[in-house]
Amino acid sequence: DTAVSQTPKYLVTQMGNDKSIKCEQNLGHDTMYWYKQDSKKFLKIMFSYNNKELIINETVPNRFSPKSPDKAHLNLHINSLELGDSAVYFCASSPLGGGTGEQYFGPGTRLTVT
Amino acid sequence: QKEVEQDPGPLSVPEGAIVSLNCTYSNSAFQYFMWYRQYSRKGPELLMYTYSSGNKEDGRFTAQVDKSSKYISLFIRDSQPSDSATYLCASYSGGGADGLTFGKGTHLIIQP
């Protein structure tokens, strides 16, 4: 009965490759997010999706593109991976359009670019 | 200037002690305040959630927000070794699908 799940858990790849991370939530929430946690453990918002519409897009390189096939899924595609993309990526979801701020996080995907 | 400031620690206390974790924030638009607990190599887990100023208690945990001083606190009573984790404070302005603004997290160690 996992609430927010991500695959894969670990991802090791070489510079220049293209990769995807998948996220699914079974909470019935209508807003989903991607966060990046760097080596210093600082969590920063990358994207949010509300009813399949991109709501915000922080200063993230356009090599990163979120895609939501339906309300329960938000995938993250990364093109031309760079060393600096190495981090842990967390998916999160929130009810009520995110208006209350309560967000529930997945277990994370640890991306290592060599 | 970071919008949410938090001392990264580590903070080490003996088992049974009262723990006080704190954050300050600069954005007056923040209305909602949260504490997340993150164990090593796990996702953040929502621990406490408060709206505006005031206190909220849940078992051994008490969250406190003082909007006049822009100060957020989390108190843990009767601390246990299982409380050892990184505690992240987060703030949110409300009214949309904005992301949370996190502090850098405080690494807490409860010594048995």
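Refer to the preceding data block for the structure.
Source: prediction; values computed, not measured. (Residues numbered from 1 in each chain as written. Chains lettered and ligands numbered in written order. Predicted model: local features only at pLDDT ≥ 70, side-chain atom pairs only at ≥ 80, totals over all residues. Heavy atoms only, no water.)

**Remarks on the overall build of chain B**
Heads up, the condition is: Runs of E in the DSSP output that reach at least two residues are strands. Runs of H or I that reach at least four are helices, and both are numbered from the N terminus. Only C-alpha atoms enter the radius of gyration; for comparison, a globular chain is expected to reach 2.2 Å times N to the power 0.38, where N is the number of residues. Three labels apply to residues, based on accessible area from a 1.4 Å probe with only protein chains included: buried if under 20% of the type maximum, exposed if over 50%, partly exposed otherwise in between. Throughout, a residue-residue contact means that at least one pair of heavy atoms, one from each residue, lies within 4.5 Å. Method for areas: the Shrake-Rupley scheme with a 1.4 Å probe, in which residue coverage is limited to the protein chains shown. Positive charge is attributed to Lys and Arg, negative charge to Asp and Glu, and no charge count is given to His or to the chain ends. Charge placement uses NZ in Lys and CZ in Arg. For Asp and Glu, CG and CD serve respectively.
Across its full length, chain B holds zero helices and eleven strands. Of the regular secondary structure in chain B, the N- to C-terminal order runs β-β-β-β-β-β-β-β-β-β-β. For chain B, the C-alpha radius of gyration of 13 Å lies close to 13 Å, the compact-globule estimate for 112 residues. With the C-alpha coordinates of chain B rotated into their principal frame, the extents come out at 40 × 30 × 25 Å. Every one of the 112 residues in chain B was classed for burial, and the buried ones make up 46%. When contacts within chain B are restricted to residue pairs at least 6 apart in sequence, long-range pairs at least 24 apart make up 55% of them. Per element, the accessible surface of chain B, about 5100 Å² overall, is 48% carbon and sulfur. Put simply, chain B has 10 plus and 11 minus side-chain charges, and the middle of one group is 5 Å from the middle of the other.

**A word on the interface of chain B and chain A**
As a reminder, the rule being used: Buried area counts how much accessible surface, traced with a 1.4 Å probe, disappears from two parts once they are put together, with both parts' losses summed. Here, a salt bridge means any Lys or Arg side-chain nitrogen found within 4 Å of an Asp or Glu carboxyl oxygen. Definition of a polar contact: a pair of N or O atoms within 3.5 Å, with one able to donate and the other able to accept a hydrogen when the atoms are protein atoms, and with sequence-neighbouring residues admitted only if both atoms are side-chain atoms.
Counting from both sides, the interface comprises 22 residues of chain B and, opposite them, 26 residues of chain A. Between chain B and chain A, roughly 1900 Å² of surface is buried when both sides are summed, and carbon and sulfur atoms account for 56% of that area. One can count zero salt bridges joining chain B with chain A. Between the two partners, chain B and chain A, sit three residue pairs in polar contact (both at pLDDT 80 or more). Among the elements that make up the side of chain B that touches chain A, the one with the highest residue count is strand β4 (residues 32-38) of chain B (four residues).

**Points about the side chain of T50 of chain B**
All names here are of chain B. With respect to the helices and strands, the residue T50 is situated in strand β5 (residues 45-51). Take T50: its relative accessible area is 7%, and that puts it in the buried class. Excluding residues that lie within four positions of it along the chain, T50 makes contacts with Q31, Y32, F33, K56, A63 and V65.

**Concerning the layout of surface pockets**
The following threshold applies: Put plainly, a pocket is an open set of points on a 1 Å grid over the protein atoms alone with protein on both sides within 12 Å along at least five of seven lines, a cavity is a set where a 1.4 Å probe fits but cannot get out, and a lining residue has an atom within 4 Å of a point. Grid points are joined across faces, edges and corners, and a volume is the space filled by probe spheres set on the points. Here the term charged refers only to Asp, Glu, Lys and Arg, the term nonpolar to Ala, Val, Leu, Ile, Met, Phe, Trp, Tyr, Cys and Pro, and the term polar to all other amino acids, Gly among them.
Approximately 410 Å³ is the volume attributed to the largest pocket. Forming the boundary of the largest pocket are 25 residues, of which Q37, K41, V88 and R110 of chain A together with R41 of chain B lie nearest the centre. Taken together, the elements giving at least two residues each to the lining of the largest pocket come down to β9 (87-94) and β11 (109-113) of chain A together with β9 (85-92) of chain B. Among the residues making up the lining of the largest pocket, the classes are represented as eight nonpolar, eleven polar and six charged.

Any link to function would need more than the numbers given here.
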